[in-house]
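Coordinate analysis (summary)
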Amino acid sequence: MNPTHIEHLGIAVVSLNEAIPFFETLLGTKCYSIEEVADQKVRTAFFKIGQTKIELLEPTSPESTIASFIEKNNGRGGIHHIAFAVNGIEEQLASAQEAGIRLIDSKPRKGAEGLDIAFLHPKSTFGVLTELCEKK
Ligand code: ZN
């Protein structure tokens, strides 16, 4: 694979309303976008630091994978995933699979910010939930 940069870090939070002011203070920049991704049962909030974004994820339903992640983390959030920007996401997924990496998404789907995204399975990535994304 050939990621060009870290596109974003995903951080699970219980409440965007509580977390946004903190991250605005920490990062010295305003949240520039809040978006619901119904497909993943989350609301997301974005900050930009250089080329990289911070994506806060708040569950909108108890069935959200973010809700179970928070539950496993003592009811608090934490770093949830790392996302790499790639060119040619379909080819990158194919080469990941060829390299024996288990995929969560065998085909890209639409994520926040209109990106094509796909997740690799943490069992294949030393426990780090890894997302590939491409701006098309
Ligand atoms: Zn993400």
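This section reports on the structure supplied with the text.

Cut-off values and rules
Residues numbered from 1 in each chain as written. Predicted model: local features only at pLDDT ≥ 70, side-chain atom pairs only at ≥ 80, totals over all residues. Heavy atoms only, no water. Core = buried A, V, L, I, M, F, W, Y, C linked by side-chain atoms within 4.5 Å. Buried < 20%, exposed > 50% of the residue type's maximum accessible area, 1.4 Å probe, protein only. Helix = DSSP H or I, 4+ residues; strand = E, 2+ residues; numbered from the N terminus. Contact = heavy atoms within 4.5 Å. Donors = N, O, S within 2.8 Å, 3.2 Å for Na, K, Ca; no water. Tetrahedral: all angles 85-135°; square planar, octahedral: opposite > 155°, others 65-115°. Phe/Tyr/Trp six-rings, centres within 6.5 Å; stacked < 30°, edge-to-face > 60°. Arc of directions from axis to C-beta. Polar contact = N/O pair within 3.5 Å; in protein donor to acceptor, adjacent residues only side chain to side chain.

**A look at the nonpolar core**
By size, the foremost hydrophobic cluster in this structure holds 11 residues: I11, V13, L16, A19, I20, F23, C31, A45, F47, I54 and L56. The set of elements that each furnish at least two residues to this core consists of α1 (16–27), β3 (42–49) and β4 (52–59). Ranked by the residues each element gives to this core, the list is headed by α1, at four residues. Once you skip the residues sitting within four places of it in the chain, I20 turns out to touch C31, I34, A45, F47 and L56. Of all hydrophobic cores here, the second largest spans nine residues; its members include I101, A118, L120 and L132.

**Some details on the coordination of the zinc ion**
Here the zinc ion is held by H8 (NE2), E55 (OE), H81 (NE2) and E131 (OE), and the distances to it run 2.0 to 2.3 Å. Taken together, the four donor atoms coordinating the zinc ion and their angles of 84 to 173 degrees define a geometry best described as irregular. Donor residues binding the zinc ion come from one chain and are separated in sequence as H-x46-E-x25-H-x49-E. With H8 in strand β1 (residues 5–12) and E131 in strand β8 (residues 130–134), the pair connects residues that are 123 residues apart, well separated along the chain. A relative accessible area of 2% means that H8 is categorised as buried. Given a relative accessible area of 4%, E131 falls into the buried group.

**Description of the packing of aromatic side chains**
One pair of aromatic rings is described through two measures. These are the centre distance and the angle between the planes. Within the structure shown, the criterion is met by three aromatic pairs. Arranged with centres 5.1 Å apart and planes meeting at 85 degrees, the rings of F22 and F23 form a pair that is edge-to-face. Judged by relative accessible area, F23 falls into the buried class, the value being 12%. Here the aromatic residues F22, F23 and F47 are joined through ring pairs into a cluster of three or more.

**A look at helix α2 (residues 65–72)**
For α2, the set of buried residues is I66, A67 and I70. With its buried residues spanning 105 degrees around the axis, α2 presents them on a single face. Facing away from the buried side of α2 by over 90 degrees, the exposed positions are T65, E71 and K72. Among the structural elements, β1, β3, β4 and β5 (78–85) are those in contact with the buried residues of α2. The residue sitting at the N-terminus of α2 and contributing the capping side-chain oxygen is S64; that oxygen lies 3.1 Å from the backbone nitrogen of I66. Among the residues trailing α2, N74 stands out with phi positive, at a value near 55 degrees.

**A look at the environment of E58**
As for its placement among the helices and strands, E58 is situated in strand β4. On the basis of relative accessible area, E58 is assigned to the buried category, the value being 12%. The spacing of E58 and G100 is 42 residues in sequence and 32 Å in space, taken between C-alpha atoms. In this view, E58 contacts V13, V14, S15, L16, K41, V42, R43 and I66; residues no more than four positions away in its chain are not counted. A polar contact is formed between the side chain of E58 and the backbone nitrogen of L16, at a distance of 2.9 Å.

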